[in-house]
Amino acid sequence: MQQLPFEVLARVLCHLPFPGVFHLRRVARAFIACIDSDWFAALCVHRVVVEFLPARVGGCQWPFAEDAAWFFAPPCTQRMYAKLALSKLQEISLGRFAASYLLLDLFAAPIPTSIGLLTNLKRISFNQMNLVGQLPDSFSCLTDLTHLNLSDNSLTGSLEPLMGLKKLVILDISSNKLDEEIPTSISNLVLLEQLILKNNSIPGRIPAEIGTLSNLHIIEVSRNALTGPIPKEIGKLTKLIHLSMACNRICGQLPETISSLVQVRAINLSENLLTGDLPDLSKLQHLTHLHLSKNGLTSTIPPYIFMHPFLRELNLSHNCLFGQIPDLSEFASISAQRTSRLEFLDLTGNRLSGVIPEDIFRLPMLYGLKLGENMLSGSLPQAITNLRSLVWLHLDSNQLSGTLPVRGMGSLKRLRKLYLKGNRFSRGAVIPEDVTPKSLLWRLLRENGFEDSKAKLGKTSKSKHKHQKQNLERNRYQGRIFQ
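If you're wondering where the values come from, they're calculated on a predicted model, not measured in any experiment.

### So, the overall build of the protein chain
Summing up its helical and strand segments, the protein chain has 10 helices and 27 strands in all. Counting every position in the protein chain, which comprises 483 residues, the buried fraction comes to 50%. Once local pairs closer than 6 in sequence are excluded, the contacts in the protein chain between residues at least 24 apart make up 55%. If you sum the accessible surface of the protein chain, you get close to 23500 Å²; carbon and sulfur atoms cover 52% of it.

What follows is the structure, given as structure tokens:
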């Protein structure tokens with residue numbers, strides 16, 4: 001085929017399926033010269049106009065094979081193709097299946113610069129398409145764009161080309177390789193509701209200008225390389241529902257203005273370098289998830305924090321919190337405790353002391369309780385048997401003493417993880433009799449050093465019998481002992 005005259009070769013190639021023909025440039029120089037020529041581009045465009053364009057009506061929800069031309073063709077073909085085949089589109093949605101269909105999963109491609117010609121676009125979804133390179137500057141021409149999803153690719157560089165899209169509502173470029181700071185010009189995105197940049201390599205500080213985006217509902221910038229403090233201007237985002245900045249190097253104290261986020265439901269600032277006291281979060285009455293683990297917070301635990309009406313998960317583990325765990329009975333009625341929605345409580349790895357408040361064991365929906373690696377003392381109260389939903393119980397590496405409750409432990413049938421080692425439980429403490437032998441709970445207690453009560457009783461009986469026998473040996477009795 002390489003020996004064919006140039007024009008004949010071009011005519012032959014333009015009738016081959018588009019997804020494969022542009023990869024022929026990798027095979028031989030003759031194909032490169034032909035496919036990159038204006039002559040071949042004109043033939044391809046003619047084919048699009050005659051065979052393909054009449055079939056495309058309205059928006060594009062599913063790719064045609066010819067769309068591969070836009071990603072792999074030389075620039076001249078890309079521009080012609082964009083003008084003739086794509087310019088009227090208001091939405092392009094190409095996902096993982098489309099990438100496989102267009103062979104994008106075999107050959108990484110950049111976003112075509114001719115994307116700026118598609119000025120009618122309102123929505124773009126190019127997720128999981130193996131896209132590489134930087135965001136083209138021509139993005140700035142898409143002034144009607146409201147939704148942009150470029151997640152799960154290998155894009156690099158800066159967000160700057162997108163900072164002029166003033167109608168943008170959703171911006172998702174998560175799980176890429178962006179490696180430049182968030183520009184201060186992000187303040188231009190005045191209608192933005194969702195900013196999702198997690199799993200990149202974005203360095204630098206979070207700009208204070210983010211506080212001007214008054215419509216933001218979601219900020220998700222976890223797993224980057226962000227540094228510096230959280231800007232106090234974040235308190236201006238009164239519509240914020242979800243705030244996640246976990247797994248960065250954010251430092252300093254939590255700003256007091258965070259208490260102004262009265263609509264927020266989830267806050268995740270885990271695995272950073274935050275220090276100082278916990279701010280007053282009592283006004284965040286819609287809070288369902290609060291994760292501040294693996295920081296350097298140094299304060300006591302405020303008592304109100306357990307009684308947020310909708311709080312389901314509270315994780316303050318691996319900080320430097322000190323003092324006692326608040327006693328719920330001091331500030332809340334029993335009825336309030338029974339209606340608490342708290343499902344997961346993790347205070348592992350702090351400096352907490354004193355006894356575990358009995359009221360914690362009356363939280364009816366609790367499935368995970370982790371209080372290990374502290375200095376907690378006292379014994380386990382009978383109320384622990386109320387936690388019928390408990391799946392995880394971590395109380396290891398404390399100073400707990402005594403024995404397990406004699407009755408009721410057998411009701412913890414959902415328990416799957418139990419850690420009690422590293423405490424001061426009574427030597428030879430036994431498994432309560434109402435725990436079914438060989439059950440999972442029985443095995444968990446055995447792994448934590450508790451003895452089977454029946455086995456211990458047998459050993460004790462044997463020991464007494466042996467002791468009695470020894471008392472009858474080596475004496476000077478004569479005759480029969482039993483008549």
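Picking up where we left off.
### Regarding the side chain of S299
Of note, S299 is situated in the loop between β17 (296-297) and β18 (313-315). Residue contacts for S299: discarding those within four places in its chain leaves D277, L278, C320, L321 and F322.

### Thoughts on the sheet that holds strand β9 (residues 203-205)
With respect to topology, five strands assemble into an open sheet ordered β9-β11-β13-β15-β17, the strand pairing being parallel. At either margin of the open sheet sits one strand with a lone partner, and together these are β9 and β17. Sheet analysis places strand β11 (residues 225-228) next to strand β13 (residues 249-253), joined by two bridges and oriented parallel. Bridging across to β13, G228 finds its partner in I250.

### A look at the packing of aromatic side chains
Scanning the entire structure with this criterion turns up four aromatic pairs. With centroids separated by 5.7 Å and ring planes inclined at 65 degrees, the aromatic side chains of Y367 and W392 adopt a geometry described as edge-to-face. Of this pair, Y367 sits in the loop between β21 (351-355) and β22 (368-370) while W392 is found in strand β24 (residues 392-394), placing the two residues 25 residues apart along the sequence. Assessed through its relative accessible area of 23%, Y367 is described here as partly exposed. Positioned above the aromatic ring of W392, the side-chain terminus of K370 is 5.0 Å from the ring centre.

### Description of the pattern of salt bridges
Inspection of every chain in the model, using the stated rule, returns three salt bridges. Here E358 and R362 are joined by a salt bridge, their closest N and O atoms 3.1 Å apart. Residue class for R362 comes out partly exposed when judged on its relative accessible area of 34%. A salt bridge links D359 to R362; its shortest N-O distance comes to 2.9 Å. Taking relative accessible area as the criterion, D359 reaches 6% and is therefore assigned buried. Salt bridges linked by common partners bring E358, D359 and R362 together as one network.

### Quick look at helix α9 (residues 440-447)
Of the positions making up α9, those classed as buried are L441, W442, L444 and L445. Axial view of α9: buried residues confined to an arc of 160 degrees, hence all on one face. Among the structural elements, β26 (417-419) are those in contact with the buried residues of α9.

### Focus on the confidence of the model for the protein chain
Of the residues in the protein chain, 78% have a pLDDT of 70 or more, and the chain-wide mean is 83. Low pLDDT (under 50) marks residues 58-62, which in the prediction has 11 contacts with non-local residues, meaning those over four places away or in another chain. Across residues 331-338, where pLDDT falls below 50, the model places 15 contacts with residues more than four positions away in sequence or in other chains.

### Examining the sheet that holds strand β4 (residues 131-134)
Strands sit in the order β2-β4-β6 across an open sheet of three strands; the sheet is parallel. Each end of this open sheet is capped by a strand with a single partner; those strands are β2 (109-110) and β6 (154-156). Summarising the sheet, β4 and β6 pair through three bridges and their orientation is parallel. Looking across to β6, one finds that Q134 is bridged to T156.

### Some thoughts on the pairing of β13
With three bridges connecting them, β13 and strand β15 (residues 273-276) associate as parallel partners. Across the sheet, residue G252 finds its bridge partner in β15, namely L274.

Cut-offs applied
Residue indices begin from 1 for each chain and proceed along its sequence in written order. Per-residue local features are limited, in this predicted model, to residues with pLDDT of at least 70; the limit for side-chain atom pairs, both in listing and counting, is 80 or more; totals at the level of whole chains, interfaces and linings are taken over all residues. With hydrogens and water set aside, each side-chain value is computed from the structure's full complement of heavy atoms. Numbering of helices and strands runs from the N terminus; a helix is a DSSP stretch of H or I covering at least four residues, while a strand is a stretch of E covering at least two. Categorising residues by exposure relies on relative accessible area from a 1.4 Å probe, with only protein chains included: less than 20% of the type maximum marks a residue as buried, more than 50% marks it as exposed, and the intermediate range marks it as partly exposed. Any two residues having at least one pair of non-hydrogen atoms within 4.5 Å are treated as being in contact. All accessible areas in this document rest on Shrake-Rupley with a 1.4 Å probe, and a residue is counted as covered only by the protein chains that are shown. Should DSSP find at least two bridges between two strands, the strands are regarded as paired. Each aromatic pair joins two rings of Phe, Tyr and Trp (for Trp, the six-membered one) with centres within 6.5 Å, and gets the label stacked for planes under 30 degrees apart, edge-to-face for over 60, and tilted for any other angle. Sitting over a ring, as applied to charges here, requires NZ of Lys or CZ of Arg to be within 6 Å of the ring centre and within 35 degrees of the ring normal. Salt-bridge detection follows one rule: a side-chain nitrogen of Lys or Arg within 4 Å of a carboxyl oxygen of Asp or Glu. The arc refers to the directions leading from the helix axis to the C-beta atoms. One confidence number per residue, pLDDT, is output by the predictor and ranges from 0 to 100.

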